[in-house]
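Below are the chains, spelled out letter by letter.
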Amino acid sequence: MNKNIKPEEGLNLDFGFRTITLNNRVKAEITAYNISVKNLIITTRDDRDNFYAYNAGKTVHRGIESILSIYLLKYNFNNPHNLQFTISHTLMNNFFKQFYQGDLDLSGRKLPGLPTSLINSRLNYEKGRFTLVINFNHINTQYLNDNNSLKYSGHELMYLSSAYFFKINNSNVLTIKTGLINIFDTNHASMVLVNAPSQGGAEPRYYYPGQPRNFYLGLSYKF
């Protein structure tokens with residue numbers, strides 16, 4: 001137990017721009033932010049697998065978030081289709097402004113466990129009771145420890161899902177769902193462990209392996 005721990009304090013400044021144009025077919029938004037934090041609380045664990053928290057000095061979190069959504073096809077009286085493409089991107093620079101680990105000065109090092117950029121995109125098609133969705137996710141490089149000596153290179157994943165709705169009557173609906181996860185069977189980490197300790201002389205476990213390519217099929221009935 002750390003009785004000397006202090007609460008985190010942060011100051012967040014952000015500004016952005018948002019627009020909707022072409023008869024609501026295109027929506028765009030961009031936001032820049034800067035967050036200054038002192039007494040950052042970090043949780044770690046020792047060789048006996050005991051978790052404890054401590055203050056990590058001062059950190060800075062800067063970034064730009066953007067999102068673009070476009071209706072390539074939009075449902076109307078003459079067109080029975082909806083085709084929408086959405087992409088979001090986050091560019092981040094997170095670092096220790098002031099951080100000492102014993103006698104080691106880690107000021108200026110990147111914050112571990114946080115990628116430098118994220119991309120999420122989605123293509124959604126709808127016609128009547130049928131929907132088809134394709135997702136693409138990108139996670140960039142992130143460090144695995146405070147001194148930035150180890151890092152995870154990131155990954156890209158694609159997903160495919162579809163559904164069809166059968167309307168039994170005014171209140172009951174049967175839905176068939178199917179999907180393909182990790183289409184290209186990419187080796188990736190579903191989660192990383194920052195500053196993972198070595199236990200019993202074994203190598204530290206910094207990764208939780210992600211799912212290989214797999215698919216699902218499901219039925220649901222709404223009363």
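Rules used throughout
Residues numbered from 1 in each chain as written. Predicted model: local features only at pLDDT ≥ 70, side-chain atom pairs only at ≥ 80, totals over all residues. Heavy atoms only, no water. Helix = DSSP H or I, 4+ residues; strand = E, 2+ residues; numbered from the N terminus. Rg over C-alpha atoms; globule rule 2.2 N^0.38 Å. Buried < 20%, exposed > 50% of the residue type's maximum accessible area, 1.4 Å probe, protein only. Areas by Shrake-Rupley, 256 points an atom, 1.4 Å probe, with all protein chains shown as cover. Lys, Arg positive; Asp, Glu negative; His and termini not counted. Charge placed at Lys NZ, Arg CZ, Asp CG, Glu CD. Contact = heavy atoms within 4.5 Å. 1 Å grid on protein atoms, 1.4 Å probe; cavity = no way out; pocket = protein on both sides within 12 Å on 5 of 7 lines; lining within 4 Å. Points joined across faces, edges and corners; volume = space filled by probe spheres on them. Nonpolar A, V, L, I, M, F, W, Y, C, P; charged D, E, K, R; others polar. Pairing = 2+ DSSP bridges. Axes fitted to C-alpha atoms, helices over the stretch in contact; angles between N-to-C directions. Salt bridge = Lys/Arg side-chain N within 4 Å of Asp/Glu carboxyl O.

Caption draft 1: Main features of the overall build of the protein chain. Counting its secondary structure elements, the protein chain contains zero helices and 17 strands. Its C-alpha atoms give the protein chain a radius of gyration of 23 Å, clearly above 17 Å, the size a compact globule of 223 residues would have. Projected onto the principal axes, the alpha-carbon positions of the protein chain cover approximately 70 × 45 × 35 Å. Looking at the 223 residues of the protein chain, the share that counts as buried comes to 26%. As displayed, the protein chain has an accessible area near 14800 Å², and 56% of this comes from carbon and sulfur atoms. Across the protein chain, 23 positive and 15 negative side-chain charges occur, with their mean positions spaced 12 Å apart.

Caption draft 2: Representation of unusual backbone geometry in the model. At N24, a residue that is not glycine, the phi angle is positive and equals roughly 65°. Mapping N24 onto the fold places it in the loop between β1 (9-21) and β2 (26-38).

Caption draft 3: Representation of the environment of L83 in the model. For L83, the position within the fold is in strand β6 (residues 81-98). With 40 residues separating them along the chain, L83 and L123 place their C-alpha atoms 7.2 Å apart. Residues within four places of L83 in sequence aside, it is in contact with I70, Y71, L72, L73, L123, N124 and Y125.

Caption draft 4: Structural detail: the layout of surface pockets. Of the pockets and cavities examined, the largest pocket occupies roughly 400 Å³. Lining the largest pocket are 19 residues, and of these I42, T43, T44, V194 and N195 sit closest to its centre. Residue contributions to the lining of the largest pocket peak at five residues, all from strand β3 (residues 41-45). Counted by class, the lining of the largest pocket contains twelve nonpolar, five polar and two charged residues. Estimated volume of the second largest pocket: approximately 200 Å³.

Caption draft 5: Highlighting the sheet that holds strand β14 (residues 173-181). Strands sit in the order β1-β2-β5-β6-β9-β10-β13-β14-β17 across an open sheet of nine strands; the sheet is antiparallel. Each having just a single partner strand, β1 and β17 (214-222) make up the two edges of the open sheet. When the angles between neighbouring strand axes are averaged without regard to direction, this sheet yields 10°.

Caption draft 6: Examining the pattern of salt bridges more closely. Across all of its chains, the model carries two salt bridges by this definition. Of the charged contacts, one joins K38 and E9 as a salt bridge, the two residues approaching to 3.8 Å between their closest N and O atoms. In this pair, K38 sits in strand β2 while E9 sits in strand β1, placing the two residues 29 residues apart along the sequence. In this structure, R18 and E29 form a salt bridge, with 3.3 Å as the shortest nitrogen-oxygen distance. With a gap of eleven residues between them, R18 in strand β1 and E29 in strand β2 connect regions that are remote in the sequence. With relative accessibility at 60%, the residue R18 sits in the exposed group.

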